[in-house]
Every structure is written in C-alpha cells, then in structure tokens.
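Structure at a glance
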Number of protein chains: 2
Amino acid sequence: MHEVTTVLFDGFETLDVFGPVEILGRLENEFNLHFHSIDGGIVKSSQRVPVLTESLSSLDFTDYILMIPGGMGTRKLVKDEVFLDHLKQLALNAQYILTICTGSILLARTGLLKGRKATTNKRVFEWTNNFPEVNWVREARWVQDGNIYTSSGVSAGMDMALGFVADQLGYDVAKKQSIEIEYEWKEDSTWDPFSKIYSSVK
Amino acid sequence: MHEVTTVLFDGFETLDVFGPVEILGRLENEFNLHFHSIDGGIVKSSQRVPVLTESLSSLDFTDYILMIPGGMGTRKLVKDEVFLDHLKQLALNAQYILTICTGSILLARTGLLKGRKATTNKRVFEWTNNFPEVNWVREARWVQDGNIYTSSGVSAGMDMALGFVADQLGYDVAKKQSIEIEYEWKEDSTWDPFSKIYSSVK
C-alpha cells in the first residue's frame, strides 16, 4: 500500500487534483489517499470546492507519493517562502513526486527540479523562463525523470496518473482503469496538440 | 448568473462531480457553484475526498441547475425513499438537470425520466432494465432531452458539461474552455467506444 498525499492550497485547480485522485483512489488496495495543507481545515479550489484537509504537522508516514497541483493560487505561492520551505521538506521526503499543471513551477521554486526534465501548462509556458536550470520540455503530455513526474495543464494529470499506474502496476491495470472510467487515455506521453496551439497564438 | 448545485452523498464518484465542476466553475461570471447534501457537513467520495456541503434545508435559490453524480453510493440510495423524495423535489424545481454516470439511475427512480431519452454508465447498463419507461440510449457519450442532460460513465461528464456550455453560451465558449484545460473534448455526443467494449465483454 502506498500512502499518497496531495498538498492543497486556496486557489488550487479542481481537476488538477481530482483527475489523478479518481484514478489512484479507485485502486484502493494500492493507494491510500490523504489531503494536506499547511494549517489543515477547509481549503477552497479556484472553482470554489471546499475540501477538508489535515495539517502538515499531522503527517506521520514516510515513503509517500506527493501530488502538487497548479491553479491560480500558485501565483501567490511562488513568493511565499514559508509555503516553499514546507513544500521542499515534503518533496525531499517523498518516494515519488507528481505535479500537475503549474504545480511544476512550485516544485521548480524549491530547487528540486534542477537538472531534471519537466513540463507544465502550455498556456503559461513562458513562466519556465524563470527557471533555466530545469530541462523544460514544451511538447509533452507528461514527463518522467527519475522519481519525478510532471504533467501539462489540468486534464493532462489524468494521463500522467494512468502512466504512473502503468509504471507501478503494469499497463493492463492502467488500461483497465481508463476503460472503467470511460476515459480515452492518451497513452503516448509525447501527445500534445496544445503546445502547438499556444505556440501559434503568440 | 446561473446557480448550480451538485447533490452529494457518501460514495459519490469523484470525477463525476469534479470534471463538470472544473468546466462550469471556470466560467465564474456565468455559474455560481454550490454543494448540497441532505444534512450538510462533510461528505466523502468513493475515493475518500472529504467535501464540505450545505444542508438541503438551506437551499434558498430557484431556477438552478442540478447536477446528480453516480458512484458506489447509488447502490444504497436507490432504496432510500427519504433521499429519493428530496431528490425529486430538487429535480422538480430545477431549470436544468445534469446527471453523470449512474446519477441517471437515481433520477429514473424519481419517475422524472419517464418518456425521456437518457443514458448511463456502460459497465452497468443492465441496471436500466429496471426502468423500461425511460428511452435508454446505449451508444452515446451524452444525451439531451429537453432540460435533462445525462452522461455515460465518469469522464463522460466533462464532455456533457462542455456540450451544455455550448448550448447555453455557444460553441466557441465551450471550445475555448476545453483548450484552456488542455482537454480533447469529445464534441460528438454519439462518440462512444465504451458501449461496444462492454457489449462485447458480456
């Protein structure tokens, strides 16, 4: 059984979190899900979903999988040194780290993406210019480098989560999950029409 | 501004709710989201997401959009006359009703799908045999009949929500939302490879 925690903050993007949570959470014999925030209590997504969280100080397991979502809340958090210190400690103690959307920007701010391949939301890809020490991949649904998985914007988190399940438990387990939720899994991590859409807009 | 409420219950399917919530919730000038349960308080999804809800008795708006998810919790609720009475009242007062996955089975139990076209999760499609008064459509991503939209399993709710947005606000608004969340919208409501997969399994 893997413990999984998602770090939540006000203004997280709803589907960044609950797409992957749907997929990992269905495998209830494999993944045990938690939701943490710095102080615990109710945290609201950008789409105003109120979720009950545990405080980081109550986190008492090791070798966990850490999920870091993006969302409008990240704009403030990249300047919040207290949050970033907590996030860095959480990430240093994690067995695997999965970021969705601009969650990779938060992880980049901790310094732990240095020298790693990673991706992020294609609409705000220019944000990556602030982190030249990361090997950013523009065209990718998701990117894996060692124990760190990073995905493109919002819905890409579901494809990454299925890719993570495939790596951990085998392709057939991931494929079966995708069919059960009637989701057309983008199995190819390089599939990314959105990088082209946003490149051509500019 | 449309008021939107999702009726939550223990054992709702996470993505049934938060896929459509992501899409409607991003259009914050158009849709104002609420989460209700019979008694209010924390309700947990099948994937153990704790969400804070308001009690139905505190619902004080009219002409709302009602969302009804599915999930394992529906197995118990189809026999819960108190819940079904509440759901029927909620549905009778709604301007539009959107169901996801086996949420349509709950709506069928209220009698309000009589004579209407509808669909549901393809994996448990045989459940529809209990409701011969409904015109069930096996092969469909989602179905619209008057003010009632019903979707196939879990992830199909996102495509239906985008279809609903297209009907209300125009195709371009829906398409723009799908691109912003990097989601490949299944725009054709008859797209449904899953109905064939599950038909061939039996």
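Computed from a predicted structure; not experimentally measured. (Residues numbered from 1 in each chain as written. Chains lettered and ligands numbered in written order. Predicted model: local features only at pLDDT ≥ 70, side-chain atom pairs only at ≥ 80, totals over all residues. Heavy atoms only, no water.)

Note on the chain copies: they are related by a rotation about an axis and a translation along it. The operation relating chain B to chain A is a screw motion whose rotation component is 180°, with 0.0 Å of axial translation and a residual RMSD of 0.0 Å. The relationship between the two copies is best expressed as a two-fold rotation axis. When C-alpha distances to the rotation axis are compared across chain B, the minimum falls at Val 51 of chain B, with a value of 2.3 Å. Mapped onto chain A, 100% of the interface residues of chain B again fall at the interface, so both copies present the same surface. (Least-squares fit on C-alpha atoms with pLDDT ≥ 70 in both. Contact = heavy atoms within 4.5 Å.)

With 130 residues, the main nonpolar core has Phe 18, Phe 31 and Trp 136 of chain A together with Phe 18, Phe 31 and Trp 136 of chain B as its most contacted residues. Sequence-distant contacts of Phe 31 of chain B, defined by excluding residues within four places in its chain, comprise Arg 48 of chain A together with Met 1, His 2, Val 4, Leu 24, Ile 65, Phe 164, Val 165 and Leu 169 of chain B. (Core = buried A, V, L, I, M, F, W, Y, C linked by side-chain atoms within 4.5 Å. Buried < 20%, exposed > 50% of the residue type's maximum accessible area, 1.4 Å probe, protein only.)

So, on to the pairing of strand 6 (residues 94-99) of chain B. All names here are of chain B. Within strand 6, 5 of the 6 residues are buried, leaving the element largely enclosed by the surrounding structure. Note: strand 5 (residues 64-68) against strand 6, 5 bridges, orientation parallel. Note on strand 6: the bridge partner recorded for Leu 66 is Ile 97. Relative to strand 10 (residues 148-151), strand 6 runs parallel, the two sharing 3 bridges. Across the sheet, residue Ile 97 finds its bridge partner in strand 10, namely Ile 148. (Helix = DSSP H or I, 4+ residues; strand = E, 2+ residues; numbered from the N terminus. Pairing = 2+ DSSP bridges.)

Further remarks concern the pattern of salt bridges. Side chains that differ in charge, positive against negative, can pair when their charged atoms come close. One pass over the structure, following the stated rule, counts 28 salt bridges over all chains. Between Glu 22 of chain A and Arg 26 of chain A there is a salt bridge; the shortest N-O distance is 3.6 Å. Within this pair, Glu 22 of chain A and its partner Arg 26 of chain A are both found in helix 1 (residues 14-26), separated by 4 residues, close to a single helical turn. You can call Arg 26 of chain A partly exposed: its relative accessible area is 21%. Across the pair Arg 48 of chain A and Glu 28 of chain B runs a salt bridge, and its minimum N-O distance is 3.8 Å. One end of the pair, Arg 48 of chain A, is in the loop between strand 3 (41-44) and strand 4 (50-55); the other, Glu 28 of chain B, is in the loop between helix 1 (14-26) and strand 2 (31-37), on a second chain. (Salt bridge = Lys/Arg side-chain N within 4 Å of Asp/Glu carboxyl O.)

According to UniProt, the "domain: DJ-1/PfpI" (unreviewed entry) feature falls on residues 4-165 of chain A. As annotated, residues 4-165 of chain A has a helix share of 28% and a strand share of 27%, and its two end C-alpha atoms lie 13 Å apart. (UniProt positions renumbered as here; feature names shortened; annotations may be inferred.)

Quick look at the interface of chain B and chain A now. Taken together, the 41 residues of chain B in the interface contact 42 residues of chain A. Each partner contributes to the roughly 3500 Å² buried at the junction of chain B and chain A, and carbon and sulfur atoms together form 56% of this total. Counting the surface chain B buries against chain A, the share from its top three residues, Glu 22, Arg 48 and Glu 182 of chain B, is 20%. If you look at where chain B meets chain A, you find 8 salt bridges. The interface formed by chain B and chain A contains 25 residue pairs in polar contact (both at pLDDT 80 or more). With 8 residues, the top contributor of residues to the side of chain B that touches chain A is helix 1 of chain B. Residues of the side of chain B that touches chain A, tallied by class, amount to 20 nonpolar, 9 polar and 12 charged. (Buried area = accessible area lost by both parts, 1.4 Å probe. Polar contact = N/O pair within 3.5 Å; in protein donor to acceptor, adjacent residues only side chain to side chain. Nonpolar A, V, L, I, M, F, W, Y, C, P; charged D, E, K, R; others polar.)

Here we come to the packing of helix 5 (residues 156-169) of chain B against helix 6 (residues 171-180) of chain B. All names here are of chain B. Following both chains from N to C, one finds helix 5 and helix 6 inclined at 145°, their axes separated by 6 Å at the closest point. Taken together, the residues of helix 6 that come into contact with helix 5 (itself represented by Leu 162, Val 165, Ala 166 and Leu 169) are Tyr 171, Val 173, Ala 174, Gln 177 and Ser 178. Class assignment for the residues of the contact of helix 5 with helix 6 results in 7 nonpolar, 2 polar and no charged. (Axes fitted to C-alpha atoms, helices over the stretch in contact; angles between N-to-C directions.)

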